[in-house]
Amino acid sequence: MTTLDDLRAACEARAATPTDRVADVEPRFVAYPTSTDEVSRLLRAAAAHQLHVVVRGGGTKLHWGGPPSAADLILDTGKLTGVVEHAAGDLIAVIRAGTPLAEVQRVLARSGQRLPLDEMLPGATLGGVVATGAAGPLRLRHGTARDQVIGLTVVRADGVVAHSGGKVVKNVAGYDLGRLLAGSYGTLGVLTEIAVKLTPIPAARAFVRRPVRTPAEVRDLSVRLKQERLAPVALEVECPAPDGARRTATRVPGHPDLMVLLLEGPADGVAARAAKAVEVLGGDARADAEPPDWWGSYPFGPDDLALQVVTPVGQLFGPVYSMRDAARGTGIRIFCSPAAGVLHAAVPGDVDPDRAVEIVNAARTVAMSHGGHCTVLAAPPKVRPEIDLWGPVEGIGLMRAVKHEFDPAGRLAPGRFVGGI
Amino acid sequence: MEVPARLAAVAERLVASLGPHSVLTDPAELRTYECDGLARYAVSPGLVVLPETTEQVVETVRACRDADLPFVARGSGTGLSGGALPRSDGVLIVTSRMRRILEVDLDAECAIVEPGVINLAISREVSPAHYHYAPDPSSQQICSIGGNVAENSGGAHCLKYGFTAHHVTGLEIVTPDGDVVWLGGGKCRQSTGYDLLGVFIGSEGTLGIATKVVVRLVQTQQCVETVLAAFEDMASAGEAVSAIIAAGITPAAIEMMDALSIEAAEQAVDCRYPDGAGAVLIVELDGPADDVAAELAAVTARCEQSGAFELRRAADEYERGEIWKGRKSAFAAVGRISPDYIVQDGVIPRTALPEVLADIAALSERTGIRVANVFHAGDGNLHPLVLYDESVPGQGDAAEEVSGAILDLCIGHGGSITGEHGVGVDKAKHLPKMFTADDLDTMQLVRCAFDPAQRCNPGKVFPTPRLCGEVPRRGAAPHPAQAAGLAEAF
Ligand SMILES: Cc1cc2nc3c(=O)[nH]c(=O)nc-3n(C[C@H](O)[C@H](O)[C@H](O)COP(=O)(O)OP(=O)(O)OC[C@H]3O[C@@H](n4cnc5c(N)ncnc54)[C@H](O)[C@@H]3O)c2cc1C
Ligand SMILES: Cc1cc2nc3c(=O)[nH]c(=O)nc-3n(C[C@H](O)[C@H](O)[C@H](O)COP(=O)(O)OP(=O)(O)OC[C@H]3O[C@@H](n4cnc5c(N)ncnc54)[C@H](O)[C@@H]3O)c2cc1C
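Each value, and the rule that gives it
Residues numbered from 1 in each chain as written. Chains lettered and ligands numbered in written order. Predicted model: local features only at pLDDT ≥ 70, side-chain atom pairs only at ≥ 80, totals over all residues. Heavy atoms only, no water. Helix = DSSP H or I, 4+ residues; strand = E, 2+ residues; numbered from the N terminus. Rg over C-alpha atoms; globule rule 2.2 N^0.38 Å. Buried < 20%, exposed > 50% of the residue type's maximum accessible area, 1.4 Å probe, protein only. Contact = heavy atoms within 4.5 Å. Areas by Shrake-Rupley, 256 points an atom, 1.4 Å probe, with all protein chains shown as cover. Near = heavy atom within 4 Å. Polar contact = N/O pair within 3.5 Å; in protein donor to acceptor, adjacent residues only side chain to side chain. Nonpolar A, V, L, I, M, F, W, Y, C, P; charged D, E, K, R; others polar. Domains from an automatic or database assignment. Buried area = accessible area lost by both parts, 1.4 Å probe. Salt bridge = Lys/Arg side-chain N within 4 Å of Asp/Glu carboxyl O. Disulfide = S-S within 2.5 Å. 1 Å grid on protein atoms, 1.4 Å probe; cavity = no way out; pocket = protein on both sides within 12 Å on 5 of 7 lines; lining within 4 Å. Points joined across faces, edges and corners; volume = space filled by probe spheres on them. Pairing = 2+ DSSP bridges. Axes fitted to C-alpha atoms, helices over the stretch in contact; angles between N-to-C directions.

1. A closer look at the overall build of chain A
So, point 1. The secondary structure content of chain A amounts to 12 helices and 19 strands.
So, point 2. Here the C-alpha radius of gyration of chain A, 22 Å, is about what a compact globule of 421 residues would show, namely 22 Å.
So, point 3. Principal axes of the C-alpha set define a box for chain A whose edges measure 70 × 55 × 35 Å.
So, point 4. Expressed as a percentage of the 421 residues in chain A, the buried residues total 61%.
So, point 5. For chain A, long-range pairs separated by at least 24 residues make up 71% of all intrachain contacts whose partners lie at least 6 apart in sequence.
So, point 6. Here chain A has roughly 14,400 Å² of accessible surface; of this, 52% comes from carbon and sulfur atoms.

See below:
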């Protein structure tokens, strides 16, 4: 029996083609399990043949993180889909990992509910979002993916199926593996089913927008908004890259940044708060029912150098200034969530590698001086070897120990994660 | 060397490095630490150490490591699952002298505190600036933040604001090996790498000792409304809860009490809840004023439709205090109507409330053991108080049985054996009813990564500790010989 036959005994599988490449790594096989049991059998077969396994959800972010040092088998979750259970009265749902986030929201919306996670990239699966620890604007009020997970089913590298948490929102029985697995990039196990808590879709929402000229102005306005206690659900700032213009810390006239506040709640309350926000922000502030077109997306495209900077709340303006300075003539585009202390930046993929290194170093140095960090989410192939994707990571020794316990043979997405894990 | 000799050696070493006032060896003094809030289990610790700094914790943990003795961390000792139950062959490390608030950073909306800081002390410190620390366990006047981290504690307001895990963004820990490591993002809300902070929180002192805690501070809301609604029976109160949730409202808190717990509270604190109430709900709403006004109208209407015969809205802080008084005193109050009682802590999906409450009533009827129900109705976290009299032969055992049967009901409905008090030593035997051997084995992989020698709070949480280095029971990773092609795969 060939290896492929053995894999096929577990679930549908085929030989890989060049389109299945992960970063530059050419896999040998692709498999499509439809259940936890099939994932388990597949991973046991893969273990028997010592195959290295990389999970693929929607494939929207497979070039993110470190390129795997080996990826013999792509475990595609495209058929591991469906909402297993939606208990609307309990505000929870159990969902298979390969289900596209958009599909999840569609099902929940029928009951007036949602999973408070933004779909930053169309086509993303719930498993992919949880595995990368993703979140968008709503993170300000609702936190990131790990905060929504109340239980999960995971299949370990050796094929053993494990559960943690459950279907109730309050639960402290045993270790919270949900948090450990969220953001683990598929290096500790394959998520097959995820139980999440839900929230009602709010009766009303308002987007209050105001042009801003400098990061310092954003900070000052944020402080004023805070004093008014308007309880925004999200606060985002877009700093667009001007077409070909030389950018410095001072804004180019005619290209203002845009600050947008999202308010949600009962209709009367939202209307009152939106009016108050317009008054507090002054300038050309106005309220809208719809978000700007960049809302809930990334500033970068698939070929860009993609950065994520995290600082304590209220400290983002430093990294914004220093990144713009380091970028000089390069058109760097930045989206920030100042109230959550997170920003994403896009540097055009054709940037000179030396300049790329300079920009990353500038962002990292300032972020770290505030106690934060800077991660390179994705980098063009010619830049990647020049930079440290993750930067220094606290607790790396314990992380290695955890990886070793879960996947002693290093078979799941080797090399993808921090410190070469 | 025998254990007593090793303990003596550790005591000597720590007296030399920490000073005599930080090391307790007198048996009478040791006995004051023999149990936590769960007095059913008591063990006199081999030695008690009261460190004042991270360095002293490191020194203590290293002394334990070198002498191969287990150790247990203890905060305020209010735990209700025996998590801080000492070991007679080990060292109890008490954080009560590590009580400094090291930094308050309002720009970054966080504070850095030592583990022995009392939960409420943080809110007291920052309330002049209109901030507070959100998780508010009923024990918040005495429990420590380190204990909260270990238990992932929640409170009445976690329906809207979440638990400790949502409010702690960084931890300095001393590992079981005596290393100092920071977990999480520190003052940042996101971090890089595995979420070790997330697993440490709620690990009940089995992965290390937290020595600094970065907590998020939350702005105090513009407006708070508190309503007491009285119903004839539990079913109609339960219906009101469902109606409120279905209306898309997330109150800051929804608490429910049954007739027996109301009776106990009346006797204890004279809270004057409406006469004839078979159940009361306390609903608290908070947020911007106009939002709260709209929600209050909706909540009032839902309660009336579900049969509330009296609604009281607190007009000011004093009246709010009066409404909460009965609820907050309920545990202690029950002590007045029963010589002994067990505080159970189980969780069910909220929609199963009517069925489970009926089952508990039937159980009580059948066994003659009274059960008072006080709970966080919004998230289905029950706190049945199982009443008994130790002096009546057999009643203690009967109460234990009823208490266990209630957990079985919770599990049967897809719930959990603990919502906030933890597994500790008390519920370790119930954990396998909720999780398979593989589930527990997988959880313990984390333990093996942090504490391969199993020195940190051994015997808690997991019924049978997995020996690190031991091959997992089922589906074992291939043996090295097999991986090298020297043996068959299957
Ligand atoms: C560092 C980083 C930060 C990000 N931050 C954000 C953010 O702030 N906001 C946001 O909205 N999005 C963010 N994303 C992107 C977001 O994660 C994508 O929307 C989502 O991952 C795409 O899902 P996918 O199904 O396309 O996953 P894929 O691109 O197919 O896979 C993504 C990763 O998840 C793993 N994976 C996928 N499914 C599973 C599974 N079932 N079990 C285990 N591992 C699995 C893959 O192996 C791969 O490593 C971030 C991504 C990265 C890499
Ligand atoms: C009247 C009453 C009401 C209560 N109400 C609630 C409630 O509403 N919600 C709730 O969640 N709990 C409640 N509790 C339970 C208890 O107060 C909490 O579990 C609390 O977090 C325990 O804190 P502590 O400082 O007393 O910890 P301890 O009892 O001293 O220890 C608890 C656990 O934490 C570990 N630990 C302590 N300090 C550290 C540290 N620095 N590092 C690592 N591990 C450590 C211990 O080893 C032990 O396993 C209540 C208790 C009582 C008595």
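Still more ground to cover, so stick around.
2. Side note on the site of ligand 2
Residues and elements named next belong to chain B.
So, point 1. Neighbouring ligand 2 are 32 residues, the closest being Ala73, Gly75, Thr78, Ser139 and Ser144.
So, point 2. A distance of 2.8 Å separates an oxygen atom of ligand 2 from a polar atom in the side chain of Asn148.
So, point 3. Contact with the protein chains covers 93% of the free accessible surface of ligand 2, which is 970 Å².
So, point 4. Elements supplying a minimum of two residues to the shell around ligand 2: strand E3 (71-74), helix H5 (145-151) and strand E10 (209-216).
So, point 5. Ranked by residues supplied to the shell around ligand 2, first place goes to H5 with five residues.
So, point 6. Across the shell around ligand 2, the residue classes break down as nine nonpolar, 19 polar and four charged.
So, point 7. Of the residues that make up the shell around ligand 2, three or more belong to each of domain 1 (3-94) and domain 2 (101-219).

3. Quick notes on the domain arrangement of chain A
All names here are of chain A.
So, point 1. Structurally, chain A comprises domain 1 (1-201 + 393-420), domain 2 (204-288) and domain 3 (305-389).
So, point 2. Placing a centre on the C-alpha atoms of domain 1 and another on those of domain 2 gives a separation of 35 Å.
So, point 3. Taken residue by residue, the interface counts six residues in domain 1 and eight residues in domain 2.
So, point 4. Taking both partners together, domain 1 and domain 2 bury about 480 Å²; carbon and sulfur atoms supply 60% of that area.
So, point 5. Taken as a group, Arg114, Pro137 and Leu140 account for 67% of the area that domain 1 buries against domain 2, more than any other trio of residues on that side.
So, point 6. Summed over the shared surface of domain 1 and domain 2, the number is one salt bridge.
So, point 7. Here domain 1 is connected to domain 2 by two residue pairs in polar contact (both at pLDDT 80 or more).

4. Quick word on the interface of chain B and chain A
So, point 1. Chain B puts 94 residues into the contact, and the matching count from chain A is 80 residues.
So, point 2. Buried area between chain B and chain A, summed over both chains or domains, comes out near 6,600 Å², and the portion from carbon and sulfur atoms is 60%.
So, point 3. The three residues of chain B that bury the most area against chain A are Gln190, Thr192 and Tyr194 of chain B, which together make up 14% of that side's buried surface.
So, point 4. Taken together, chain B and chain A are joined by four salt bridges.
So, point 5. Here Asp195 of chain B makes a salt bridge to Arg146 of chain A, at a shortest N to O gap of 2.3 Å.
So, point 6. For the interface between chain B and chain A, the tally reads 21 residue pairs in polar contact (both at pLDDT 80 or more).
So, point 7. Elements with a minimum of two residues in the side of chain B that touches chain A: helix H6 (158-161), helix H7 (164-167), strand E9 (180-184), helix H8 (196-200), helix H11 (289-305), helix H16 (431-434), helix H17 (437-450) and helix H18 (480-483) of chain B.
So, point 8. Here the side of chain B that touches chain A takes 11 residues from H17 of chain B, the largest share from any one element.
So, point 9. Looking at the side of chain B that touches chain A residue by residue, the class counts come to 41 nonpolar, 33 polar and 20 charged.

5. Digging into the state of the cysteines
All names here are of chain B.
So, point 1. Under the definition given, this model contains one disulfide over all chains.
So, point 2. Free of any disulfide, Cys64 has its nearest cysteine sulfur in Cys456, 9.7 Å distant.
So, point 3. Since its relative accessible area comes to 0%, Cys64 is described here as buried.
So, point 4. Distance from the sulfur of Cys410, which forms no disulfide, to the nearest cysteine sulfur (Cys158) is 16 Å.

6. Examining empty space enclosed by the protein
So, point 1. Using the criterion set out here, one finds five cavities of 30 Å³ or more in the structure.
So, point 2. Empty space within the second largest cavity amounts to approximately 310 Å³.
So, point 3. In this structure, the second largest cavity is lined by 22 residues; those nearest its centre are Val149, Ile150, Asn171 and Asp176 of chain A together with Asn152 of chain B.
So, point 4. Looking at the lining of the second largest cavity, the elements with two or more residues in it are helix H6 (145-148) and strand E8 (149-155) of chain A together with H7 of chain B.
So, point 5. Within the lining of the second largest cavity, the residues separate by chemical class into 10 nonpolar, seven polar and five charged.

7. A word on the environment of Asp451 of chain B
Residue and element names in this part refer to chain B.
So, point 1. Positionally, Asp451 belongs in the loop between H17 and H18.
So, point 2. C-alpha of Asp451 to C-alpha of Cys468: the two residues are 17 residues apart in sequence and 8.5 Å apart in space.
So, point 3. When near neighbours in sequence (up to four residues on either side) are disregarded, Asp451 contacts Pro176, Thr206, Cys456 and Cys468.

8. Observations regarding the sheet that holds E8 of chain A
Residue and element names in this part refer to chain A.
So, point 1. With antiparallel pairing, five strands are arranged side by side in an open sheet as E5-E6-E10-E8-E9. Every other strand in the sheet has two partners, leaving strand E5 (83-87) and strand E9 (161-165) as the edge strands with one partner each. Going across the sheet, the axis of each strand differs from the next one's by a mean of 10°, ignoring polarity.
So, point 2. With four bridges joining them, E5 and strand E6 (residues 92-96) adopt antiparallel strand pairing. When the sheet's bridge partners are listed, Val83 is paired in E6 with Ile95.

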